[in-house]
Amino acid sequence: MFSAVESRRLYRQVADQMRGLIERGELVAGSRLPAERELAQMLGVSRPTIREALIVLEVEGFIDIRMGSGIYVAVRTPQLPELPEDFEGPFELLRARAVVECAVAEEAARLAKPEHVAMLDQNLARMADALEDRRMSLALDRDFHVVVAGIISNATLIRFVGSMHDMRMTPFFEKLASYFENKDTWRAAMEEHRVIRDAIAAADPAAARAAMRAHLEKSQLRLSESFEEDAGDRAIPAAWRRVGSI
């Protein structure tokens with residue numbers, strides 16, 4: 001049975017509970033899990049937390065996520081190891097980036113020179129030509145943020161911002177991105193980068209900070225789409241009602 005979860009690293013605790021139910025056979029292979037909304041209500045956590053937990057379990061091989069259909073317990077016994085306990089989830093990472101990169105953009109707007117703006121323009125031009133190439137778009141996205149950090153000429157900040165972006169190059173993030181990243185989402189990110197660029201070029205620290213925050217908030221929203229259509233008033237099977245009591 002599900003039990004109430006603690007506040008620390010909620011998505012890992014949710015994943016641990018579901019993994020245990022699958023390993024004990026309480027969740028049968030091939031069975032469909034309740035919708036994200038119901039799972040969130042059962043466990044008293046947010047839907048993004050449920051989404052992160054589900055991605056962990058899919059990467060580990062415990063469940064299959066079928067877009068537009070639902071989440072199902074995997075038929076085969078998973079062979080992949082569990083993700084490390086200290087692994088950061090995508091929403092955790094985006095919150096950290098918001099703290100760091102908003103301040104970076106604000107300071108960059110105070111210090112930017114014409115050559116820095118030219119570098120941002122070059123990045124945007126290259127990204128416009130690479131929207132259908134996810135790997136290249138991801139690399140150029142990283143480069144844009146590192147260029148912004150580079151305006152401050154602080155090696156620690158440059159390395160830190162780069163390392164946060166490198167954390168996206170993992171099976172966990174790859175799996176999440178496979179559902180929600182496409183030409184349209186990369187175009188949206190590029191246009192948000194352009195707003196950041198314009199604020200930096202205008203030497204407007206407040207606008208640069210606000211533009212970076214808006215970009216990261218929209219990035220989170222793009223990763224917060226549901227894996228399936230809302231269940232509406234669909235009845236939850238009796239077995240799941242028992243599992244869900246907290």
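No experiment lies behind these values; they were computed from the predicted model shown.

Parameters at a glance
Residues numbered from 1 in each chain as written. Predicted model: local features only at pLDDT ≥ 70, side-chain atom pairs only at ≥ 80, totals over all residues. Heavy atoms only, no water. Core = buried A, V, L, I, M, F, W, Y, C linked by side-chain atoms within 4.5 Å. Buried < 20%, exposed > 50% of the residue type's maximum accessible area, 1.4 Å probe, protein only. Helix = DSSP H or I, 4+ residues; strand = E, 2+ residues; numbered from the N terminus. Contact = heavy atoms within 4.5 Å. Axes fitted to C-alpha atoms, helices over the stretch in contact; angles between N-to-C directions. Parallel < 35°, antiparallel > 145°, perpendicular 65-115°, else oblique. Left-handed = near helix turned anticlockwise from the far one by under 90°. Nonpolar A, V, L, I, M, F, W, Y, C, P; charged D, E, K, R; others polar. pLDDT = per-residue confidence, 0-100. Salt bridge = Lys/Arg side-chain N within 4 Å of Asp/Glu carboxyl O. Arc of directions from axis to C-beta. Phe/Tyr/Trp six-rings, centres within 6.5 Å; stacked < 30°, edge-to-face > 60°. Lys NZ or Arg CZ within 6 Å of the ring centre and 35° of its normal.

**Side note on the nonpolar core**
Okay, so step 1: Membership of the largest hydrophobic core comes to 67 residues, with the highest contact counts inside it found for Ile50, Leu54, Ile63 and Ile200.
Okay, so step 2: When residues of this core are assigned to their parent elements, the largest contribution, 10 residues, is made by helix H4 (residues 90-111).
Okay, so step 3: Ile63 has contacts with Ile22, Leu54, Leu57, Glu58, Ile71, Tyr72, Val73 and Ala74, leaving out every residue within four places of it along the chain.

**What about the packing of H4 against helix H6 (residues 134-150)?**
When two helices pack together, their arrangement is given by the angle between the helix axes and the distance between those axes.
Okay, so step 1: Contact pair H4 / H6: the axes reach a minimum separation of 8 Å and the direction vectors enclose 55 degrees. Here H4 is positioned oblique relative to H6, judged by the angle of their axes. The interaxial crossing formed by H4 with H6 has left-handed handedness. On H6, the residues that touch Arg97, Glu101, Val104, Ala105 and Ala108 of H4 are His145, Val148 and Ala149.
Okay, so step 2: Per-class residue counts for the contact of H4 with H6 are five nonpolar, one polar and two charged.

**Structural notes on the confidence of the model for the protein**
Okay, so step 1: For the protein, per-residue confidence averages 83 on the pLDDT scale, and 83% of positions sit at 70 or higher.
Okay, so step 2: By mean pLDDT, the top-scoring element of the protein is helix H5 (residues 114-128) (98), and the lowest-scoring one is helix H11 (residues 238-244) (45).
Okay, so step 3: Note on residues 229-246: pLDDT is under 50 here. Beyond four places in sequence and across chains, it has 33 contacts.

**Some points on the pattern of salt bridges**
A side chain with one charge can pair with a side chain of the opposite charge if their charged atoms come near.
Okay, so step 1: Using the criterion set out here, one finds 19 salt bridges in the structure.
Okay, so step 2: For Arg110, the salt bridge is made with Glu107, and the minimal N-O distance between the two is 3.0 Å. Separated by three residues within a single helix, Arg110 and Glu107 lie in helix H4, roughly one turn from each other.
Okay, so step 3: Residue Arg110 is classed as partly exposed on the basis of its relative accessible area, which comes to 49%.
Okay, so step 4: In this structure Glu107 comes out as partly exposed when scored by relative accessible area, which is 29%.
Okay, so step 5: Across the salt bridge formed by Asp166 and Arg142, the nearest N and O atoms sit 2.7 Å from each other. With a gap of 24 residues between them, Asp166 in helix H7 (residues 155-166) and Arg142 in helix H6 connect regions that are remote in the sequence.
Okay, so step 6: On the basis of relative accessibility, which here comes to 26%, the residue Arg142 falls in the partly exposed class.

**A word on the environment of Leu223**
Okay, so step 1: When you line up the elements, Leu223 lands in the loop between helix H10 (205-222) and H11.
Okay, so step 2: Classification of Leu223 by relative accessible area gives buried; the value is 14%.
Okay, so step 3: Separated by 172 residues in the primary sequence, Leu223 and Arg51 have C-alpha atoms spaced 9.2 Å apart.
Okay, so step 4: Beyond its immediate sequence surroundings of up to four residues, Leu223 is in contact with Arg51, Pro90, Phe91, Leu94, Leu176 and Phe180.

**A closer look at helix H8 (residues 171-180)**
Residues spaced three or four apart along an α-helix face the same direction, because each turn holds 3.6 residues.
Okay, so step 1: Restricting attention to buried positions, one finds in H8 the residues Phe172, Phe173, Leu176, Ala177, Tyr179 and Phe180. Buried positions in H8, seen along its axis, are confined to an arc of 155 degrees and lie on one side of it.

**Looking at the side chain of Ser137**
Okay, so step 1: By secondary structure assignment, the location of Ser137 is in helix H6.
Okay, so step 2: Residue Ser137 is classed as buried on the basis of its relative accessible area of 0%.
Okay, so step 3: Not counting chain neighbours up to four residues away, the residues in contact with Ser137 comprise Met127, Ala130, Leu131 and Trp186.

**Some words on the packing of H5 against H6**
Okay, so step 1: In the contact formed by H5 and H6, the axes pass within 10 Å of each other and the chain directions differ by 170 degrees. Classified by the angle their axes make, H5 and H6 are roughly antiparallel. Facing His116, Met119, Leu120, Asn123, Leu124, Arg126 and Met127 of H5, the residues of H6 in contact are Met136, Ser137, Leu140, Asp141, Asp143, Phe144, Val147 and Val148.
Okay, so step 2: Partitioning the contact of H5 with H6 into residue classes produces nine nonpolar, three polar and three charged.

**With respect to the packing of aromatic side chains**
Okay, so step 1: What the rule picks out here adds up to zero aromatic pairs.
Okay, so step 2: Lying over the aromatic face of Tyr72, Arg66 brings its terminal NZ or CZ to 4.0 Å of the ring centre.

**A short note on the environment of Ile22**
Okay, so step 1: Mapped onto the secondary structure, Ile22 falls in helix H1 (residues 10-23).
Okay, so step 2: Spatially, the C-alpha atoms of Ile22 and Val73 are 7.5 Å apart, while their sequence positions differ by 51 residues.
Okay, so step 3: With sequence-adjacent residues up to four places away left out, Ile22 is seen in contact with Leu27, Phe62, Ile63 and Val73.

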